[in-house]
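Now for the letters of each chain:
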Amino acid sequence: MENELKHNTESMKKANEPGIYKLMIFGVLVCMVGTYARFAFDSWVLSLVSWIILFIGSIICIKGVFKILDA
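The structure presented is a predicted model; accordingly, all values stated were derived computationally and were not measured. (Residues numbered from 1 in each chain as written. Predicted model: local features only at pLDDT ≥ 70, side-chain atom pairs only at ≥ 80, totals over all residues. Heavy atoms only, no water.)

1. Regarding the UniProt feature "transmembrane region" (unreviewed entry) in the chain
The feature "transmembrane region" (unreviewed entry), as annotated in UniProt, sits at residues 20-39 and 45-66 in this numbering. Annotation note: span residues 20-39, helix share 100%, strand share 0%, distance between end C-alpha atoms 29 Å. This span, residues 45-66, is 100% helix and 0% strand, and a straight line between its end C-alpha atoms measures 32 Å. (UniProt positions renumbered as here; feature names shortened; annotations may be inferred. Helix = DSSP H or I, 4+ residues; strand = E, 2+ residues; numbered from the N terminus.)

Written as structure tokens, this is what we have:
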């Protein structure tokens, strides 16, 4: 049997780039920081900052997903 990929297209190559997954991992880490800051202290300023960090991390993750879907 041949060990060849049958669907080795340009879009698959682009979707499997490591940079996209590194971007998504970075976004998840930013979201984790935002979640930790949310429960770290009880302050409305820190709560607001943590929501902003969480929102930015979510945008980064969504950007990575759309890069995969765009490929």
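2. Remarks on helix α2 (residues 18-40)
The first and last C-alpha atoms of α2 sit 33 Å apart over 23 residues, in line with the 33 Å expected at 1.5 Å per residue. Here α2 has its buried residues at I20, G27, V30, C31, G34 and A37. Structurally, α2 contributes buried residues whose contacts are with α1 (10-15) and α3 (44-70). (Expected span 1.5 Å × (residues − 1). Buried < 20%, exposed > 50% of the residue type's maximum accessible area, 1.4 Å probe, protein only. Contact = heavy atoms within 4.5 Å.)

3. Structural notes on the environment of S47
Among the structural elements, S47 can be located in helix α3. According to the relative accessible area criterion, S47 is buried, its value standing at 17%. Counting along the chain gives 24 residues from S47 to L23, while the straight-line C-alpha distance between them is 25 Å.

4. Observations regarding the packing of α2 against α3
Between α2 and α3, the shortest axis-to-axis distance is 8 Å and the interhelical angle comes to 160°. Relative to α3, α2 is oriented roughly antiparallel. In the crossing of α2 with α3, the sense of the turn from one axis to the other is left-handed. In terms of residue class, the contact of α2 with α3 is built from 18 nonpolar, eight polar and three charged. (Axes fitted to C-alpha atoms, helices over the stretch in contact; angles between N-to-C directions. Parallel < 35°, antiparallel > 145°, perpendicular 65-115°, else oblique. Left-handed = near helix turned anticlockwise from the far one by under 90°. Nonpolar A, V, L, I, M, F, W, Y, C, P; charged D, E, K, R; others polar.)

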